[in-house]
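Breakdown of the fold
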Amino acid sequence: MPTGAGDHEAVLDDLFETLAGLAPEIRASLPGRRVKSDETNPSGETRLEADAYADELIEDALREVDGIGTYASEEQAEPIDIGDGELSVACDPLDGSSNIKPNSPMGTIVAVYEGDLPGDGDSLVPAAFVLFGPILTMSVARDGRLYEANVNDGEIDVIDDDVTLPEEPTVYGMGGRVPDWTEGFAAFIDEVEQEYKLRYGGAMVADVNQVLTYGGIFSYPALQSSPNGKLRLQFEGIPMAYITECAGGVSSDGGQSILEVEATGLHQRVPVHLGNEQLIDRVETHLAGD
Ligand code: F6P
């Protein structure tokens, strides 16, 4: 697991205060930006006006944070130079933005890497997500611990300074169409649906936060039509894996920790399994037979 913030404490404090300050502004911008734009993002998905707006807002704000050299976003093809400093921020400005139409939760994910992008798990420093749910919260994984805060008026108000996955799993949620699953993954789900409760909302941040809260597993697996699944390694896989591991959970791409996956491209995809160790062990066992 990445070890810690080292010399970057002040930059990271500034970064997370900036992110918390932006969160109410991003949330307030959502009602007027439910419509699709004519553009697609670098992964070929239709952009909403809300995606583009959140991306611009975050990029502009991070230009003011001393010590951040590079900004990369799921919404932009290449990393851009935003200042002096050896830290790079990879951001999913509005994760799960298709949830805006039915007014369901979504979030912002931020991963801070030391050095150039793409970075792998070893170069990750902290990671965080903002959750635009009924309550506006920010969860930050830093120095091996996860804290959860309310973001009242843009201020960080820590409500749990050591979030830990419950030992007993309760929920499971997984993406991809059932006929597109591999045999091993389908066999795993056949088992867990006898034991746990299905909870899947279609926004990774919210679905993973349910696992952090109740225990269980979130998967967006390798699919027959897409062997690397759907989620992006830099923007979603690595940060959410680190967040889960800091809470005492385990991450896997099906065979190894997501923090061990070699980063070869900015918009590279990766199969994702996050949750309690016993469930990750079981999914890996099933997937080994595929
Ligand atoms: O990558 C964006 C995302 O919206 C994730 O937040 C979420 O887990 C996934 O895609 C949902 O995909 P699907 O609509 O296929 O369930």
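Everything below is about the structure shown above.
Here we summarise the structure given alongside this text. (Residues numbered from 1 in each chain as written. Predicted model: local features only at pLDDT ≥ 70, side-chain atom pairs only at ≥ 80, totals over all residues. Heavy atoms only, no water.)

**Here's the deal with the pairing of strand β1 (residues 36-40)**
- For β1 and strand β2 (residues 46-48), the ladder comprises two bridges, and the chain directions are antiparallel. Counterpart to threonine 40 in the pairing with β2 is threonine 46.
- Counted along the chain from β1 to the antiparallel partner β2, the turn is five residues long, and its residue glycine 44 has a positive phi close to 85°. (Pairing = 2+ DSSP bridges. Helix = DSSP H or I, 4+ residues; strand = E, 2+ residues; numbered from the N terminus.)

**Description of the site of the ligand**
- Around the ligand, the neighbouring residues are Asp95, Gly96, Tyr200, Gly202, Ala203, Met204, Phe218, Tyr220, Lys230, Leu231, Arg232 and Glu236.
- Interatomic distance of 2.7 Å between a side-chain N/O atom of tyrosine 220 and an oxygen atom of the ligand.
- Side-chain polar atom of glutamate 236 to an oxygen atom of the ligand: 2.8 Å apart, as the coordinates give it.
- A total of 400 Å² of accessible area belongs to the ligand in isolation, and the protein chains cover 79% of it.
- Mapping the ligand onto the cavity grids shows that it belongs to the largest pocket.
- In the shell around the ligand, the residues fall into six nonpolar, two polar and four charged. (Near = heavy atom within 4 Å. Polar contact = N/O pair within 3.5 Å; in protein donor to acceptor, adjacent residues only side chain to side chain. Areas by Shrake-Rupley, 256 points an atom, 1.4 Å probe, with all protein chains shown as cover. 1 Å grid on protein atoms, 1.4 Å probe; cavity = no way out; pocket = protein on both sides within 12 Å on 5 of 7 lines; lining within 4 Å. Sits in = over half its atoms within 2 Å of the grid points. Nonpolar A, V, L, I, M, F, W, Y, C, P; charged D, E, K, R; others polar.)

**A closer look at the sheet that holds strand β9 (residues 145-152)**
- In spatial order, the strands read β4-β3-β5-β6-β7-β8-β9-β10; together these eight strands make up an open sheet with mixed pairing. Edge strands, defined here as strands with exactly one partner in the open sheet, are β4 (80-81) and β10 (155-160).
- In this sheet, β4 lies alongside strand β3 (residues 68-73) in antiparallel orientation, the contact comprising two bridges. Looking at β4, one finds that threonine 70 is bridged to aspartate 81.
- Seen against the sheet, helix α1 (residues 9-29) touches β3, β5 (87-95), β6 (106-114), β7 (124-132), β8 (136-142), β9 and β10 and runs at an angle of roughly 160° to β8.
- Helix-sheet contacts for helix α2 (residues 49-62) involve β3, β4, β5 and β6, and the interaxial angle to β5 is about 155°. (Contact = heavy atoms within 4.5 Å. Axes fitted to C-alpha atoms, helices over the stretch in contact; angles between N-to-C directions.)

**Brief notes about the sheet that holds strand β14 (residues 250-252)**
- In spatial order, the strands read β12-β11-β13-β15-β14; together these five strands make up an open sheet with mixed pairing. The open sheet terminates on both sides in strands that have one partner only, identified here as β12 (197-198) and β14.
- For strand β11 (residues 171-174) and strand β13 (residues 216-220), the ladder comprises four bridges, and the chain directions are parallel. From the neighbouring strand, methionine 174 faces β13, where its bridge partner is serine 219.
- Across the face of the sheet, helix α4 (residues 204-214) comes into contact with β11, β13 and β15 (272-275) while running at roughly 160° to β13.

**Some words on the side chain of aspartate 207**
- Turning to its location among the elements, aspartate 207 is positioned in helix α4.
- The charged side chain of aspartate 207 is buried without a salt bridge, its nearest counter-charge being arginine 199 at 8.5 Å.
- From its side chain, aspartate 207 meets the backbone nitrogen of glycine 201 in a polar contact 2.8 Å long.
- Polar side-chain contacts of aspartate 207 include one of 3.0 Å to the backbone nitrogen of glycine 202. (Buried < 20%, exposed > 50% of the residue type's maximum accessible area, 1.4 Å probe, protein only. Lys, Arg positive; Asp, Glu negative; His and termini not counted. Salt bridge = Lys/Arg side-chain N within 4 Å of Asp/Glu carboxyl O.)

**Section: the pattern of salt bridges**
- All told, the structure shown has eight salt bridges when counted by the stated rule.
- Among the ionic pairs, arginine 142 bridges to aspartate 13, the shortest N-O distance being 3.0 Å. Taken as a pair, arginine 142 in strand β8 and aspartate 13 in helix α1 lie far apart in primary sequence, 129 residues in all.
- With a relative accessible area of 12%, arginine 142 lands in the buried category.
- With a relative accessible area of 36%, aspartate 13 lands in the partly exposed category.
- For glutamate 236, the salt bridge goes to arginine 232, with nearest N and O atoms at 3.5 Å. Neither residue differs from the other here; glutamate 236 and arginine 232 are each classed as buried.

**A few points about the layout of surface pockets**
- The calculated volume of the largest pocket comes to roughly 550 Å³.
- As for the largest pocket, its lining consists of 29 residues, and the residues nearest its centre are Glu45, Gly96, Ser97, Ser98 and Lys230.
- Residue assignment for the lining of the largest pocket shows that the elements contributing at least two residues are β2, β5, α4 and β13.
- Here the lining of the largest pocket is built from residues that sort into nine nonpolar, six polar and 14 charged.
- Looking at which domains feed residues into the lining of the largest pocket, each of domain 1 (6-160) and domain 2 (171-287) supplies at least three.
- In this structure, the second largest pocket encloses a volume near 240 Å³.
- Forming the walls of the second largest pocket are Arg27, Leu30, Pro31, Arg34, Ile100, Asn103, Ser104, Pro105, Met106, Phe132, Gly133 and Pro134. (Points joined across faces, edges and corners; volume = space filled by probe spheres on them. Domains from an automatic or database assignment.)

**Regarding the nonpolar core**
- Among the nonpolar cores identified, the biggest contains 56 residues, and Phe218, Met240 and Leu274 are the most heavily contacted of them.
- Counting residues per element, this core draws most heavily on helix α5 (residues 233-246), at eight residues. (Core = buried A, V, L, I, M, F, W, Y, C linked by side-chain atoms within 4.5 Å.)

**With respect to α2**
- Taking 1.5 Å as the rise per residue, α2 with 14 residues should run 20 Å; its terminal C-alpha atoms sit 20 Å apart, in good agreement.
- The buried fraction of α2 is high, at ten of 14 residues.
- Where α2 is concerned, the buried positions are Ala50, Asp51, Ala52, Ala54, Asp55, Leu57, Ile58, Glu59, Ala61 and Leu62.
- For α2, the elements touching its buried residues are α1, β2, β3, β4, β5 and β6. (Expected span 1.5 Å × (residues − 1).)

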